[in-house]
Amino acid sequence: MNVVFVHPSYPNQFTGIANALSRKRGWECAFLVDRAFTRQIRRDKPPVAYYGYGEEASPLSGTYYTRCIEEGARRGKAIVEALAHIHASTGIDAVVGHASFGATLFVREILAIPVVSYVELPGYHPAFCRDEFPGRYPQSLMDVALRSLIHSSVIHSDLCVVPSAYARDLFPPELRSKVRVRMEGFALPPPAGDREALRRELGITGDGPVIGFAGRTLEAVRGFDVFVRAAGRIRAVRPDAHFLVVGDEASIYGNEASYLGDSSFKRHALRQEGMADEEFIFRPFVPYDQFVRYLQAMDVILFPLFEGAANWGLFEAMAAGVPVIASRRCFIPEVIEDGCDGILLDAADADGFAAASLALLEDSTRAEAMRRAGRQKIARSFSMERAASGYAAIIREAVRRHGSGARNPCRGRQRVIWPAA
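Criteria and thresholds
Residues numbered from 1 in each chain as written. Predicted model: local features only at pLDDT ≥ 70, side-chain atom pairs only at ≥ 80, totals over all residues. Heavy atoms only, no water. Helix = DSSP H or I, 4+ residues; strand = E, 2+ residues; numbered from the N terminus. Rg over C-alpha atoms; globule rule 2.2 N^0.38 Å. Buried < 20%, exposed > 50% of the residue type's maximum accessible area, 1.4 Å probe, protein only. Contact = heavy atoms within 4.5 Å. Areas by Shrake-Rupley, 256 points an atom, 1.4 Å probe, with all protein chains shown as cover. Lys, Arg positive; Asp, Glu negative; His and termini not counted. Charge placed at Lys NZ, Arg CZ, Asp CG, Glu CD. Salt bridge = Lys/Arg side-chain N within 4 Å of Asp/Glu carboxyl O. Pairing = 2+ DSSP bridges. Right-handed = clockwise from strand over helix to strand, strands pointing away. Expected span 1.5 Å × (residues − 1). Axes fitted to C-alpha atoms, helices over the stretch in contact; angles between N-to-C directions. Left-handed = near helix turned anticlockwise from the far one by under 90°. Nonpolar A, V, L, I, M, F, W, Y, C, P; charged D, E, K, R; others polar. Core = buried A, V, L, I, M, F, W, Y, C linked by side-chain atoms within 4.5 Å.

1. Regarding the overall build of the protein chain
Part 1 of the reasoning: Helix and strand counts for the protein chain come out as 16 helices and 13 strands.
Part 2 of the reasoning: A compact globule built from 421 residues would reach a C-alpha radius of gyration of about 22 Å, and the protein chain, at 22 Å, matches this within 12%.
Part 3 of the reasoning: Viewed in the frame of its principal axes, the protein chain has a C-alpha envelope of about 70 × 50 × 40 Å.
Part 4 of the reasoning: Taking all 421 residues of the protein chain together, the buried fraction comes to 54%.
Part 5 of the reasoning: Summarising the internal contacts of the protein chain: among those between residues at least 6 apart in sequence, 69% fall at separations of at least 24.
Part 6 of the reasoning: Of the roughly 18100 Å² of accessible surface on the protein chain, 51% is carried by carbon and sulfur atoms.
Part 7 of the reasoning: Taken together, the 51 basic and 49 acidic charged side chains of the protein chain have centroids lying 7 Å from each other.

2. Structural notes on the pattern of salt bridges
Part 1 of the reasoning: The full count for this structure, using the stated rule, is 33 salt bridges.
Part 2 of the reasoning: One salt bridge in this structure joins Arg293 and Glu201, with 2.8 Å as the shortest N-O distance. Of this pair, Arg293 sits in helix α11 (residues 288-296) while Glu201 sits in helix α7 (residues 195-201); the two residues are 92 residues apart in sequence, bridging distant segments of the chain.
Part 3 of the reasoning: Given the relative accessible area of 31%, Arg293 is considered partly exposed.

3. Topic: the pairing of strand β12 (residues 324-327)
Part 1 of the reasoning: Of the strand pairs in this sheet, strand β11 (residues 300-303) and β12 are connected by three bridges, and their pairing is parallel. The partner of Phe303 across the bridge, within β12, is Ala326.
Part 2 of the reasoning: In this region the chain leaves β11, passes through helix α12 (residues 312-319) and returns to the parallel neighbour β12; the handedness of that crossover is right-handed.
Part 3 of the reasoning: Summarising the sheet, β12 and strand β13 (residues 343-345) pair through three bridges and their orientation is parallel. Of the residues in β13, the one forming a bridge with Ala326 is Leu344.

4. Quick notes on helix α5 (residues 137-155)
Part 1 of the reasoning: Spanning 19 residues, α5 covers 27 Å between terminal C-alpha atoms, matching the ideal 27 Å at 1.5 Å per step.
Part 2 of the reasoning: Gln139, Asp143, Ala145, Leu146, Leu149, Ile150, His151, Ser153 and Val154 are the residues of α5 that are buried.
Part 3 of the reasoning: Next to the buried residues of α5 lie α3 (67-90), β5 (115-118) and β6 (159-162).

5. Side note on helix α10 (residues 265-273)
Part 1 of the reasoning: Residues Phe265, Lys266, His268, Ala269 and Leu270 constitute the buried set of α10.
Part 2 of the reasoning: On its buried face, α10 sits against α8 (224-237), α9 (257-260) and β10 (281-283).
Part 3 of the reasoning: At the exit of α10 stands Gly274, carrying a positive phi of roughly 65 degrees.

6. Remarks on the sheet that holds strand β8 (residues 210-217)
Part 1 of the reasoning: In space, the six strands of this open sheet follow the order β10-β9-β8-β11-β12-β13, with parallel pairing throughout. Only two strands of the sheet have a single neighbouring strand rather than two, namely β10 and β13. Strand-to-strand twist of the sheet, defined as the mean angle between neighbouring strand axes without regard to direction, takes the value 20 degrees.
Part 2 of the reasoning: Bridge count between β8 and β11: two bridges; the pairing is parallel. When the sheet's bridge partners are listed, Ile211 is paired in β11 with Val300.
Part 3 of the reasoning: Each of β8, β9 (242-248), β10 and β11 is contacted by α11, which is oriented at about 160 degrees to β9, the strand it contacts most.

7. Section: unusual backbone geometry
Part 1 of the reasoning: Put simply, Tyr10 and Pro11 share a cis peptide bond, and its omega is -10 degrees.
Part 2 of the reasoning: Phi at Ala112 is positive, roughly 55 degrees, even though this residue is not glycine.
Part 3 of the reasoning: Residue classification places Ala112 among the partly exposed residues on the basis of a relative accessible area of 35%.
Part 4 of the reasoning: Even without being a glycine, Cys330 presents a positive backbone phi close to 45 degrees.
Part 5 of the reasoning: In this fold, Cys330 is placed in the loop between β12 and α13 (332-335).
Part 6 of the reasoning: On the accessibility criterion, Cys330 (15% relative accessible area) is buried.

8. Some remarks on the environment of Leu141
Part 1 of the reasoning: Along the chain, Leu141 falls in helix α5.
Part 2 of the reasoning: A C-alpha to C-alpha distance of 8.9 Å links Leu141 and Tyr64, two positions 77 residues apart in sequence.
Part 3 of the reasoning: Not counting the four nearest positions on each side in its chain, Leu141 is found in contact with Tyr64 and Tyr65.

9. Describing the packing of α8 against α10
Part 1 of the reasoning: Remark: α8 packs on α10, axes separated minimally by 9 Å, with the N-to-C direction vectors making an angle of 30 degrees. Considering only the axes of α8 and α10, their crossing is right-handed. On α10, the residues touching Phe224, Asp225, Val228, Arg229 and Arg233 of α8 are Phe265, Lys266, Ala269, Leu270, Gln272 and Glu273.
Part 2 of the reasoning: Of the residues that constitute the contact of α8 with α10, the class distribution is five nonpolar, one polar and five charged.

10. Observations regarding the nonpolar core
Proteins that are soluble and globular tend to have nonpolar side chains buried together.
Part 1 of the reasoning: Phe224, Phe227, Phe280 and Ile325 are the most contacted members of the largest nonpolar core, which has 39 residues in total.
Part 2 of the reasoning: Mapped by element, the contributors of at least two residues to this core are β8, α8, β9, α10, β11, β13, α14 (350-362) and α15 (364-381).
Part 3 of the reasoning: For this core, the element with the most residues is α8, which contributes seven residues.
Part 4 of the reasoning: Contact partners of Ile325, with chain neighbours within four places excluded, come to Val300, Ile301, Leu302, Phe303, Ile343, Leu345, Phe353, Ala356, Ser357 and Leu360.
Part 5 of the reasoning: Counting 37 residues, the second largest nonpolar core, distinct from the first, contains Met298, Phe315, Val322 and Ile332.

11. Some points on the sheet that holds strand β3 (residues 49-53)
Part 1 of the reasoning: The strand order across the open sheet built from seven strands is β3-β2-β1-β4-β5-β6-β7, with neighbouring strands paired in parallel fashion. Looking at which strands have only one partner, the edges of the open sheet turn out to be β3 and β7 (179-181). Here the average twist between neighbouring strands, direction ignored, is 25 degrees.
Part 2 of the reasoning: Taken together, the four bridges between strand β1 (residues 2-6) and strand β4 (residues 94-98) define a ladder with parallel strand orientation.

Listed below in structure tokens is the structure:
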């Protein structure tokens, strides 16, 4: 089975899946990514073949609510043209691509190749997840536009894969029969060894416990303000505590910036609690290996998430053996069994997050049991091997559906012939 994974970035959600799948007998995997990553790919020397595509330099209309559709269609055109040449050269049995970027929009219609679309969240849901920052008219327009791109891509696919049942249930009922749930896989890092030495290496001095927060960005959808409030309550009881924050000072997935003027959400959260930068250890979003080391330096990590179909930091924290205290929202109850491999609370319950953290810090036996249970959950249910097998089953099903002509508008059409590059 020759499969091409398509994503505009490198590395991405499919990197580990493709590498693991290519190790299975009878599977050949390749990647198609934006050629801007050529130098990085050559440096990393990945175990599968990589191809590049380039988008044509044409201006966008500049209209904010159509931007995602314009970009998706333009990117989709560049991708289908690159796939056409790969297909003519080596043959492609199936394509797996990120639909939210338009990667799969044209593939089945133009090339008649079986297609699996990947979708994380089928819309602009994070803009509506906080009562303090209600979605406005512009966000509603953007949400409808993005959903239109995603739903159309799923219609023009044989199957769709999402990382959680929560994400599947956000699709309209008429599309859910095409949606399959399969989270990407995660590896268990080796134990940290001397955690005190690790903390010194990372610039964390002193003997107190380390309470963590991690995310790509410090924004409302991730509940950074809840973490800040919880930190203030923890410090009142444990003045020796350290608060380690890994993430960039930016808002990507929410709309709080439209309410805060020139202030970032990080500044807003600190100002609300009367706290200063110096009371936290801030680190930017870092490469994966370094991120894991920061996780291993933590005694507990908080994830007061308000929205999401998955949060890779949460899975990585469990894999690293960090006790997780998270919100009882969105996808998280699918992953964490409350009281066993984590603790679940209301997302806005800063007092609860603080109390649960303090209780774990005082109960080393329970904390250690939670560390072991989290790692076991990842090894049992979310390993890379399990994820690759799940993707293999979905790809095979998509090929069967395509061959049977199920919902395939290309059946019976003459295949498009592309000119040589």
